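# Observations on the model geometry
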Amino acid sequence: LRNLIRVCSIGLDYDNCLKFFKLLEEREPANETVYTQLIRCSSGERTALEWFQVAEKKGVTLTSQLFEATLFMLSRTQYHHVYTESIFKMAVDRGLVSLNCCRNTIQAYIKTWNYSGVISVLQCIKENQIAIDRGLALAVLSFCNGSRVVHLDA
């Protein structure tokens, strides 16, 4: 069942992912990998946030991949910057912040023209000595020059 969930998440097949998840939950509790896969193939940012909250309530180990997937889904909208901020802060507080967490959070802040949010993530990058890549650097520079670049891969 775990492999079926993985395959469905790669194919972004949320309906089957959910079906196999329910079957798995009848037999054993899902782990952080399963929740990460559910978040990655979820139907939107609201669903991703709900899965993150379910995982947290069930005591699932929160990993950087779980934070990355949630922040990625939240970055796809303009409306959940409050959640983005709290999830990012939670990752930082737990020592699980990664380049992808930062990238996804910056992407969300760029979409909402949140300069102070971008600055706070850059400060976190500096404090945690996270090496940034060319794509992230160019996106931040473009944003500071008045452009909303939303694809941060280079």
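About the criteria used
- Residues numbered from 1 in each chain as written.
- Predicted model: local features only at pLDDT ≥ 70, side-chain atom pairs only at ≥ 80, totals over all residues.
- Heavy atoms only, no water.
- Helix = DSSP H or I, 4+ residues; strand = E, 2+ residues; numbered from the N terminus.
- Buried < 20%, exposed > 50% of the residue type's maximum accessible area, 1.4 Å probe, protein only.
- Phe/Tyr/Trp six-rings, centres within 6.5 Å; stacked < 30°, edge-to-face > 60°.
- Lys NZ or Arg CZ within 6 Å of the ring centre and 35° of its normal.

Right, let's get into unusual backbone geometry. Phi is positive for Trp-113, which is not a glycine, with a value near 55 degrees. Within the secondary structure layout, Trp-113 lies in the loop between α7 (99–111) and α8 (115–127). By relative accessible area, which is 37% here, Trp-113 ends up partly exposed. We note that Gln-129 has phi near 50 degrees; this positive angle belongs to a residue other than glycine. On the secondary structure map, Gln-129 appears in the loop between α8 and α9 (134–144).

The next point concerns the packing of aromatic side chains. Evaluated as defined, the whole model comprises six aromatic pairs. Measuring from centroid to centroid gives 5.5 Å for Phe-21 and Tyr-35, while their planes differ by 70 degrees, and the two rings are edge-to-face. On the criterion of sequence distance, the pair formed by Phe-21 in helix α2 (residues 14–27) and Tyr-35 in helix α3 (residues 32–40) is long-range, its members being 14 residues apart. Grouping residues by exposure puts Phe-21 and Tyr-35 together as buried. Look at Phe-21 and Trp-51: their rings are 4.9 Å apart centre to centre, the planes differ by 75 degrees, and that puts the pair in the edge-to-face class. With Phe-21 in helix α2 and Trp-51 in helix α4 (residues 45–57), this residue pair connects regions lying 30 residues apart in the sequence. Summarising the burial analysis for this pair, Phe-21 and Trp-51 share the class buried. Taken together through their ring pairs, the aromatic side chains of Phe-21, Tyr-35 and Trp-51 make up a single cluster. Its guanidinium or amino end placed over the ring of Phe-20, Lys-19 lies 5.4 Å from that ring's centre, counting from NZ or CZ.

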